[in-house]
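As a plain string of letters, each chain reads:
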Amino acid sequence: MPTARPALDPELRELLADMPLMSQLNPEVLAQLRRLPSTPVESLLAHRHVDRREVTVPAKDGAPIPLSVFSPANTDRTTAAPCVYWMHGGGMVMGDRFSQIDIPLEWLDEFGAVVVSVDYRLAPEATGTALVEDCYQGLLWVANHSAELGIDPARIVVAGASAGGGLAAGVTLLARDLGTPAIAAQMLIAPMLDHRNASTSSRQYSDGPGLWTREMNEFGWRCVLGDLADDKVPVYASPALADDLSGLPTTYIDTGSAEVFRDEDASYATRIWAAGGQAELHVWAGGFHGFDALYPQAHISATARRTRTAWLARVLPPNSAA
C-alpha cells in the first residue's frame, strides 16, 4: 500500500494545521455532523442584489424535493440568462442545498446566471439511484420552466462539488441517455465518481486523518449502495462505471494532487477524450479535498476559482435568443 503522498501546498498546510481531522465516519459521527448548523446563506446574499425563490418539486416516488432559485435582481428580464444547476457536496450523506453555495453565486455575480440548488435526499435514508434521480427531476423542472425563470434553455450548466460533482456527472449521463434536457456544460469539482475506491490516490489517503479519507469514502458509498455487487451498481450512481462517455457536453474537472479522488477524476477526463469528447482537467498541486471551499482566501483556491470562471466564460454559448 503506497504511503508516500504529494506534499500539501505550503499555504494550505499552514491553514490546515489547526483543523480537527477525522479518519473514519460511522452512523454516530454522521448524526453529530448532521446536527451542526447549516450554511448561513443569508450572509452570502446580504451584499448581493438577488431575488430568492423556494420551490418544491416531486421526486419520481412523489417525495418533495426542495429547490432554491437565486436570480439577479433588477436585471433586464427580456434577456434570458444562463443557469447553473448546483448539487452540493457532503459524501452523499450530509449537507444541504446551501452547502458550498458561495461557489455558484460567484457565477451569478459574473454572468448574471440564475443559480438553482437542489436538496436531494441523502443516504442512507435514500439509496441506489434515488439521489441522482432527485437531481434529475429538479433539472427537468428547471428546463420545463425556463421561460418563467428567465433562463436560456440552451445555456444550462450542471455543476457540483465532491458528492455533488458525482451526482452532476450522473445527471449528465442520464440526460444524455434519455435525450432531455439539453445541458450546455458540466462542471465537476473534485467529483466522487467511483464506488470501487481502488485507485492509487484512494490508497494514499487511507489509514490516517484527513478532510475525506478512503475509509470515509467507503462509508459514504456503503450508505448509498449497501452490499450491491459491482456488476449490480447503476452507472448513474457511480459514473466511473459507464462504458460509454461519448456524447457528453463539454466538461470541466478539477481536483487536488493531495486527495482521494485525484486518480478517478483524471481517469474520467481521459476517458471523455478517448470517446472523442471535450474535457478540461486541472489537478491543483498540493490541493487537498475541498481546499477551495474550506479556504477560499488561499492563493491556490482563488486561482482555482478564477480558472473555473474563465472556462465558463469561454464555453457558455451566446444567448440563443440574441
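Residues numbered from 1 in each chain as written. Predicted model: local features only at pLDDT ≥ 70, side-chain atom pairs only at ≥ 80, totals over all residues. Heavy atoms only, no water.

Two numbers describe how helix α4 (residues 102-111) lies on helix α12 (residues 299-315): the axes approach to 11 Å, and their chain directions differ by 50°. As summarised for this structure, α4 and α12 are arranged oblique, according to the angle between their axes. By crossing handedness, the relation of α4 to α12 is classed as right-handed. Between α4 and α12, the contacting residues are D102, I103, E106, W107, E110 and F111 on the first element and R305, R308, T309, L312 and A313 on the second. Considering only residue class, the contact of α4 with α12 consists of five nonpolar, one polar and five charged. (Axes fitted to C-alpha atoms, helices over the stretch in contact; angles between N-to-C directions. Helix = DSSP H or I, 4+ residues; strand = E, 2+ residues; numbered from the N terminus. Parallel < 35°, antiparallel > 145°, perpendicular 65-115°, else oblique. Left-handed = near helix turned anticlockwise from the far one by under 90°. Contact = heavy atoms within 4.5 Å. Nonpolar A, V, L, I, M, F, W, Y, C, P; charged D, E, K, R; others polar.)

So, on to α4. Considered for burial, the residues of α4 that qualify are I103, P104, L105, W107 and L108. Downstream of α4 by a residue or two, G112 has a phi angle that is positive, lying close to 65°. (Buried < 20%, exposed > 50% of the residue type's maximum accessible area, 1.4 Å probe, protein only.)

So, on to the packing of aromatic side chains. Counting across every chain of the model gives two aromatic pairs. Pairing Y252 with W311 gives two aromatic rings, centres 5.3 Å apart and planes at 55°, and the pair type is tilted. In this pair, Y252 sits in strand β7 (residues 250-256) while W311 sits in helix α12, placing the two residues 59 residues apart along the sequence. Both residues of the pair, Y252 and W311, count as buried. Centre to centre, the rings of F288 and Y295 are 6.3 Å apart; their planes meet at 90°, and the pair counts as edge-to-face. (Phe/Tyr/Trp six-rings, centres within 6.5 Å; stacked < 30°, edge-to-face > 60°.)

Counted under the stated rule, the structure contains 20 salt bridges. Of the charged contacts, one joins R53 and E148 as a salt bridge, the two residues approaching to 2.7 Å between their closest N and O atoms. Within this pair, whereas R53 is found in strand β1 (residues 50-58), its partner E148 is found in helix α6 (residues 146-149), the two being separated by 95 residues in sequence. Taking the relative accessible area as the measure of exposure, R53 reaches 34% and is therefore partly exposed. Here E148 falls in the partly exposed class, since its relative accessible area comes to 47%. Ionic contacts of the salt-bridge type, sharing partners, join the residues D102, E106, D254, D292, R305 and R308 into one network. (Salt bridge = Lys/Arg side-chain N within 4 Å of Asp/Glu carboxyl O.)

Turning our eyes to something else, we now look at the nonpolar core. Counting 73 residues, the largest nonpolar core has Y85, M87 and Y268 as its most contacted members. Element by element, the count of residues in this core is highest for helix α5 (residues 130-144), at ten residues. Sequence-distant contacts of Y85, defined by excluding residues within four places in its chain, comprise L67, V116, V118, D134, C135, G138, L139, V142, V157, V158 and A159. With 33 residues, the next largest nonpolar core counts V41, L45, I101 and I300 among its residues. (Core = buried A, V, L, I, M, F, W, Y, C linked by side-chain atoms within 4.5 Å.)

Our focus in this paragraph is the pairing of strand β6 (residues 185-189). Counting buried residues in β6 gives five out of five residues, a clear majority hidden from the surface. Side chains of β6 alternate between two faces, with A185, M187 and I189 and Q186 and L188 buried alike. In the sheet, strand β5 (residues 151-161) pairs with β6 via five bridges, with the strands oriented parallel. Bridge pairing links A161 to I189 in β6. This β-α-β element, β5 to helix α7 (residues 163-178) to β6, shows right-handed connectivity. Here five bridges tie β6 to β7, and the two strands are oriented parallel to one another. (Pairing = 2+ DSSP bridges. Right-handed = clockwise from strand over helix to strand, strands pointing away.)

Let us look at the environment of A266. Note that A266 resides in helix α10 (residues 262-274). When the C-alpha atoms of A266 and E280 are compared, they prove to be 10.0 Å apart, with 14 residues separating the residues in sequence.

For the rest of this paragraph, the subject is the pairing of β1. In the sheet, β1 pairs with strand β2 (residues 64-72) via nine bridges, with the strands oriented antiparallel. By the bridge assignment, R53 is partnered in β2 with V69. Linking two consecutive strands that pair antiparallel, namely β1 and β2, is a turn of five residues; a positive phi of about 90° is found at G62 within it.

The next thing to look at is the side chain of S199. Tracing the backbone shows S199 in the loop between β6 and α8 (200-204). Take S199: its relative accessible area is 18%, and that puts it in the buried class. A polar contact is formed between the side chain of S199 and the side chain of S201, at a distance of 3.2 Å. From its side chain, S199 meets the backbone nitrogen of S202 in a polar contact 3.1 Å long. Ignoring anything within four residues of it in the chain, the contact list for S199 reads V260 and D263. (Polar contact = N/O pair within 3.5 Å; in protein donor to acceptor, adjacent residues only side chain to side chain.)

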